[in-house]
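Fold and contact review
What follows is the residue order along each chain.
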Amino acid sequence: MSMPRILFHLAGLFDSPNMRGLSEDAVLWGLEVLTNWDVDYLKTHPDTQKLYDSGVVYALPDQMTSKMTPADIAAIKRFVMARGASRDSADHVVAFLEGMEVFRDVPAVLQLGAVDCFPLTQKIIVRSKSTGMYELLAIGELRHVWPAYQALSYSFTKCDYEFRDIVGFVDKGVKHVSKAHLSNGTDLISTDSHEFWSVEGSGGSARHIGKSTMGEYVEVYSKYRARRMSRGMRGVRSRILQASKIPALNMVHPSPAKSYLAGIYAAEGYTRTGRSHTPTIGQHNTDVRRKIEVALAQEEISYRYHGGRGKSPGSGAEYHLHGGLREQRLDMFREQGRNSFEKRLPKEFLSADETTIATMLRGHSDGDAWQPARGAYKRPNIDSIYATSSDELAEQIRLGALILGRSMYSYLQNNHQGEGYSPIWRLHEYNENASRLYARSRMVEEQLVLPGLSYGTVRNAKPFGKAHVGCIEVEGNHNFFLADGTLVSNCDNLSAFRTAELRLAGVKAAPYITWRDTSRGTTY
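Let me begin by describing the structure that accompanies this report. Source: prediction; values computed, not measured.

Calculation notes
- Residues numbered from 1 in each chain as written.
- Predicted model: local features only at pLDDT ≥ 70, side-chain atom pairs only at ≥ 80, totals over all residues.
- Heavy atoms only, no water.
- Helix = DSSP H or I, 4+ residues; strand = E, 2+ residues; numbered from the N terminus.
- Expected span 1.5 Å × (residues − 1).
- Buried < 20%, exposed > 50% of the residue type's maximum accessible area, 1.4 Å probe, protein only.
- Contact = heavy atoms within 4.5 Å.
- Salt bridge = Lys/Arg side-chain N within 4 Å of Asp/Glu carboxyl O.
- Pairing = 2+ DSSP bridges.
- Axes fitted to C-alpha atoms, helices over the stretch in contact; angles between N-to-C directions.
- Parallel < 35°, antiparallel > 145°, perpendicular 65-115°, else oblique.
- Left-handed = near helix turned anticlockwise from the far one by under 90°.
- Nonpolar A, V, L, I, M, F, W, Y, C, P; charged D, E, K, R; others polar.
- Phe/Tyr/Trp six-rings, centres within 6.5 Å; stacked < 30°, edge-to-face > 60°.
- Core = buried A, V, L, I, M, F, W, Y, C linked by side-chain atoms within 4.5 Å.

1. Some remarks on helix α7 (residues 256-268)
The end-to-end C-alpha distance of α7, which contains 13 residues, comes to 18 Å, matching closely the 18 Å that a straight helix rising 1.5 Å per residue would cover. Most of α7 is tucked away, with 10 of its 13 residues classed as buried. For α7, every residue scored as buried is listed here: Ala257, Ser259, Tyr260, Leu261, Ala262, Gly263, Ile264, Tyr265, Ala266 and Ala267. In this fold, the buried residues of α7 make contact with β10 (269-271), β11 (279-282), α8 (286-298), α9 (331-335), α10 (354-368) and α11 (391-404).

2. A few points about the pattern of salt bridges
Within the structure shown, the criterion is met by 16 salt bridges. Measuring nitrogen to oxygen at the nearest pair gives 3.3 Å for the salt bridge that ties Arg289 to Glu293. With Arg289 and Glu293 both in helix α8 and four residues apart, the pair spans about one turn of that helix. Arg289 sits in the partly exposed class, given a relative accessible area of 24%. Salt-bridge contacts for Glu429 lead to Arg406; the nearest nitrogen and oxygen are separated by 3.4 Å. Of this pair, Glu429 sits in strand β17 (residues 424-430) while Arg406 sits in the loop between α11 and β16 (408-413), placing them 23 residues apart in sequence. The class of Glu429 is buried, set by a relative accessible area of 5%. Arg406 sits in the partly exposed class, given a relative accessible area of 26%.

3. Focus: the sheet that holds strand β12 (residues 303-306)
Pairing is antiparallel in the open sheet, where four strands are placed in the order β10-β11-β13-β12. Looking at the sheet topology across the chains shown, the edges are occupied by β10 and β12. On average, adjacent strands in this sheet sit at an angle of 25 degrees to one another, irrespective of strand direction. In terms of strand pairing, β10 meets β11 through three bridges, oriented antiparallel.

4. Points about the packing of α7 against α8
At their nearest, the axes of α7 and α8 sit 9 Å apart, and the two run at 130 degrees to each other. Between α7 and α8, the crossing angle belongs to the class labelled oblique. Every pair of crossing elements has a handedness; the one defined by α7 and α8 is left-handed. Every residue of α8 that contacts α7 at Ala257, Tyr260, Leu261 and Ile264 is listed here: Val288, Lys291, Ile292, Ala295, Leu296 and Gln298. Here the contact of α7 with α8 is composed, by residue class, of eight nonpolar, one polar and one charged.

5. Side note on α11
Count 3.6 residues to each turn of an α-helix, and residues three or four apart come out pointing the same way. Across its 14 residues, α11 extends 20 Å between first and last C-alpha, which sits within 8% of the 20 Å expected from 1.5 Å per residue. α11 sits mainly inside the fold: 12 of its 14 residues count as buried. Residue Gly405 follows α11 closely and has a positive phi angle near 75 degrees.

6. Notes on the sheet that holds strand β14 (residues 369-370)
With respect to topology, four strands assemble into an open sheet ordered β14-β15-β17-β16, the strand pairing being antiparallel. The strands lining the two open edges of the sheet, one partner per strand, are β14 and β16. Direction of pairing for β16 relative to β17: antiparallel, over a ladder of six bridges. Across the sheet, Tyr409 pairs through a bridge with His428, a residue of β17. Sheet contacts for α10: β14 and β15 (382-388); angle to β15, the most-contacted strand, approximately 75 degrees.

7. Some thoughts on the packing of aromatic side chains
Two aromatic rings are characterised by how far apart their centres lie and by the angle between their planes. Scanning the model with the defined rule gives 12 aromatic pairs in all. Between Tyr265 and Phe333 the ring centres are 5.2 Å apart and the planes differ by 55 degrees, which places this aromatic pair in the tilted class. With a gap of 68 residues between them, Tyr265 in helix α7 and Phe333 in helix α9 connect regions that are remote in the sequence. You'll find Tyr265 and Phe333 in the same group, each marked buried. A ring pair is formed by Tyr305 and Tyr319, whose centres lie 4.7 Å apart and whose planes are at 55 degrees; its orientation type is tilted. Taken together, the positions of Tyr305 in strand β12 and Tyr319 in strand β13 (residues 318-321) put the pair 14 residues apart, joining distant regions of the chain. Taking relative accessible area as the criterion, Tyr305 reaches 23% and is therefore assigned partly exposed. On the basis of relative accessible area, Tyr319 is assigned to the buried category, the value being 0%.

8. A word on the nonpolar core
Judged by nonpolar contacts, the single largest core of 60 residues is most densely connected at Ile125, Ile246, Ile292 and Phe481. When residues of this core are assigned to their parent elements, the largest contribution, eight residues, is made by α11. When sequence neighbours within four positions are dropped, the list of residues in contact with Ile125 reads Tyr134, Glu135, Leu136, Ala151, Leu152, Ile246, Leu399, Leu402, Phe481, Leu482 and Ala483. Ranked by size, the runner-up nonpolar core spans 26 residues in total, among them Phe118, Ile240, Ala461 and Phe480.

9. A few points about the packing of α10 against α11
Two elements in contact, α10 and α11, have axes separated by 10 Å at closest approach and are oriented at 135 degrees. When the axes of α10 and α11 are compared, the pair comes out oblique. The crossing of α10 and α11 is left-handed. Across the interface between the two elements, Glu354, Ile357, Ala358, Leu361 and His364 from α10 touch Leu393, Ile397, Gly400, Ala401, Ile403 and Leu404 from α11. Taken together, the residues of the contact of α10 with α11 break down into eight nonpolar, two polar and one charged.

Shape descriptors only; they carry no functional weight alone.
Here you go:
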């Protein structure tokens, strides 16, 4: 009976075809070393539950808390060379196990009761394989549909964005998490062991990419609050790598008039209840009205304008769009939501070209954004301040800004001067005079040669109780982007540990790698 082949797809470990021979040996032997470590672990801990289901916490052995010792390295070399590996392959195995971020020892995860993952509600930037369009999906939403999506990822080898297949989802249960508040106004929640890319170096020293965990961010903020760390050092140790400009997909091509109307309807529109479900757009500003009427004429949509009839000139001023439910040209507005709390932009428009996205955001800005004059607002260098009561619309505006390469700061305001008592999202769009923000992008591009990336900082980080968490596995680059543009990694060694479980169950399993040659190189 032949040995069953258990296939685990590992991607992006080595991109150069010239390294294939030694690379494959190193990976295979490295996986075999990890598998045997895991087999020994499972033999000594027979009550260990299946992968990621364990709630048992064991004392952490010394070898898990420090780097490899000379004795460890010698033992690894003896192990692989005794099984036929060459000396060169043995050296590559050691380098692979010492230096690669891609694998982390799963027994340590089980012993600590800690994992590197996010709440199931955390949204990430993905592309649908069926439509080729952007979507913002929560990690929990990918539980059963992950094969249908690719994650937006970054290749540090090619120094460019890529879409890579999502090759797995793991529910890791309820775990302790911490929350970091970032300089772009968003909150980042993860387990303390999760790693993030950072920019290291200060003063005259060269900058380089490093790694920081959520737990380290919490420790830095704690030391700063206790006055055991200077503000400058806190800033250096709080950096976190983020997107500055992500790719436009150019998948759809709506007219400029339709793009503008979509934007201003998201800001000032609503659909009347009743039999006709008439979409309306509120507006009294003369210049903006002129733009609306030109766009409606170009789209051949008839309307009737009702002037203001309230306490102020603009109160109640609105366009009633004609046609009723039978008019297909009005379907776009109805699908954008009935009121301000459920408002959204047409999702497919965010997968258009940059001009379309800019026109759509300009429409929203004309309807419901404040464009402060120079010196009129406490924050300098602000072009527009978007406002919305819709969580989904706020996320879409941020995504559009990322595609256009515009820096944003967002926050949810509870005490505001607007109508009603519900919180309102405020999204500040910075202009080119925000020198500090754009200097970060230039530094990352010029010194680190990573175009399209920048960095923010962690303003504060604290324990945040417990959350139901999970993770996805992304092919190749082993990283993906959260909805706000923060670049994150995933790095659990699933293949070696699962192989160890199978061997102890009597299955003659072995880790296995596969590769695919493409015009851009070799993917493992």
